[in-house]
Structure formats: structure tokens, C-alpha cells
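Geometric and topological summary
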Amino acid sequence: PRIAVFASGSGSNFEAIAEAVRTGELDAEIPILLTDKPLAAVITRAERLGIPAAAVNPKAFPDKAAYEQTILARLRDEEIDWIILAGYMRLIGPTLLEAYPNRIVNIHPSLLPAFPGKDAVGQALNAGAETTGVTVHFVDEGMDTGPVILQREVPVVPGNRELTEAAIHEVEHVLYKEALQKLLAEEQTRV
Ligand code: GRF
């Protein structure tokens, strides 16, 4: 299968997935990294990994539908089967949801349905939660609401955002790979 990764930021999850493809742990190809942020650090990462990066700036379009149409044309050119969101900071609209039903996946730094939306780690710290975690889930029209694929707990380091985030990232890099292995294996056994 051919995977497009969408990212808006640093791209450490993108790199973890690309590394799993390189080592053969994930039986897939990543023909394209797509970003909505023309200056995102993830672009440098893609260059280093030898993966073509496409920056599509939503501000250049009249609305989300026009923006996603342009992305969709690119995905069709590349014969993309799966969209993998890795720190992509936008809601997916009907254009992409209808083109890729049950084929868009996201990773979120909490045990959903707890702490959806922005700054899930800050939400967990402020709530005084002892435990938070990571969720990989299918994307639907809501914000961090689709069916869960895999979840793993991560202890909160009380009052310490940096250490809590580091622990979450470490789990994310393993959990995303495992979730994708599971999805691709299930797809292979489907007739
Ligand atoms: C991760 O914490 C992910 O769960 C969230 O955005 C962050 C992206 O981090 N959706 P990175 O850009 O992959 O380092």
C-alpha cells in the first residue's frame, strides 16, 4: 500500500513511520509527505529521508473544499491508499473523508475520549491526571472522535510538561507503527 503522511510541525512521528518502512517492519511505501505549513520543520526531515515533500498552503484557496481538492488531485496522481495524520493541525473536511472512507488515521497524545483537541498534554497536567496516553484512531468529521485502533497508557510526570511529552513521544513512535502494521495486515486478509 501507498501511504501519504500529513504533518504540520516537527514530524518525529513521520520519521518513525518512514524508518519502519525503511527497515521493512512496515510493508508500505511513502511516496509523499504533505504539509499545510510551507516552513514546517518536517520538510527538512523529508528531504533528509529522501521522501518528496509537498507544501499546500490553505491560505492560497477560497475555502477548505478547494484546498482539499488540490490535495486530492495530488493523492490520486500518487495512487495513495492511506492518509496518515502525524501532527496535522487541521480538521479533515468532507472532500477527503468521502474520497478515503475509513482510510484516514490520526495519532493523538491522550487516551481518547479524554483530552481531545489542542494541547492534550497540558490538559492532562492541568486536570491533575496521574495517567494519560496515546491513541491511534480512524478519522471522522469530528475532532479526535473516530473509532480507536490502538491505545497505550503513559504516566504523567506531575508538573513536568517536558518529561511527560518526551514519554508520550516515545510511546507514539512505537504505537503508530504497531497500529499501521495491524491495519495493513487486516487489509491483506480481507478478500
Ligand atoms: C504528536 O504528539 C501527535 O500525537 C499530535 O501531534 C504531535 C506531533 O508530533 N497529533 P511530531 O510532529 O510527530 O513530532
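Bear in mind the structure is a predicted one, so any value in this text is a computation, not a measurement. (Residues numbered from 1 in each chain as written. Predicted model: local features only at pLDDT ≥ 70, side-chain atom pairs only at ≥ 80, totals over all residues.)

1. Description of the overall build of the protein chain
What counts is decided by this rule: Numbering of helices and strands starts at the N terminus; helices are DSSP runs of H or I of at least 4 residues and strands are runs of E of at least 2. Radius of gyration means the value over C-alpha atoms here, while the globule rule gives 2.2 Å times the residue count to the 0.38 power. Partly exposed residues are those falling between the two cut-offs: more than 12 but fewer than 20 other C-beta atoms within 10 Å of their own, whereas 20 or more means buried and 12 or fewer means exposed, with C-beta atoms placed from the backbone. A pair of residues counts as a contact when their C-beta atoms, built from backbone coordinates, are separated by no more than 7 Å.
Scanning the protein chain from N- to C-terminus turns up six helices and seven strands. By the compact-globule yardstick of 16 Å for 191 residues, the protein chain fits well, its C-alpha radius of gyration being 16 Å. In the protein chain, which comprises 191 residues, the share counted as buried stands at 36%. If you take every contact in the protein chain between residues at least 6 apart in sequence, the share linking residues at least 24 apart comes to 62%.

2. Regarding the UniProt feature "binding site: N(1)-(5-phospho-beta-D-ribosyl)glycinamide" (unreviewed entry) in the protein chain
Heads up, the rule is: UniProt positions are given in the numbering used here, feature names are shortened, and annotations may be inferred rather than shown by experiment.
Taking the UniProt record as the reference, the feature "binding site: N(1)-(5-phospho-beta-D-ribosyl)glycinamide" (unreviewed entry) is found at Gly11, Ser12 and Asn13. By secondary structure assignment, the location of glycine 11 is in the loop between β1 (2–6) and α1 (12–23). In contact with glycine 11, other than residues within four places in its own chain, are Ala41, Val42, Arg45, Ala86 and Gly87. Looking at the element boundaries, asparagine 13 is found in helix α1. With residues up to four places along the chain from it excluded, the contact list for asparagine 13 reads Ala86, Gly87, Ile107, Glu172, His173 and Tyr176.

3. Quick look at the domain arrangement of the protein chain
Our working definition: Either an automatic procedure or a domain database provided the assignment from which the domain bounds are taken. In this classification, the charged set is Asp, Glu, Lys and Arg, the nonpolar set is Ala, Val, Leu, Ile, Met, Phe, Trp, Tyr, Cys and Pro, and all remaining amino acids, among them Gly, are polar.
Examined at the domain level, the protein chain breaks down into domain 1 (1–101) and domain 2 (106–136 + 149–191). Computed over C-alpha atoms only, the centres of domain 1 and domain 2 are separated by 20 Å. Listed as interface residues are twelve residues of domain 1 and, on the opposing side, eleven residues of domain 2. Counting residues per element, the side of domain 1 that touches domain 2 draws most heavily on α1, which supplies five residues. When grouped by side-chain class, the residues that make up the side of domain 1 that touches domain 2 number eight nonpolar, two polar and two charged.

4. Re the confidence of the model for the protein chain
This is how it is decided: pLDDT expresses how confident the predictor is about each individual residue, on a scale running from 0 to 100.
For the protein chain, per-residue confidence averages 97 on the pLDDT scale, and residues scoring 70 or more make up 99% of the total. Predicted as a complex, the structure gets a pTM of 0.97 and an ipTM equal to 0.97.

5. Observations concerning the UniProt feature "active site" (unreviewed entry) in the protein chain
Mapped onto this structure's residue numbering, the UniProt feature "active site" (unreviewed entry) falls at His108. By secondary structure assignment, the location of histidine 108 is in strand β5 (residues 104–108). Aside from chain neighbours lying at most four places away, what touches histidine 108 is Ala120, Thr135, His137 and Asp144.

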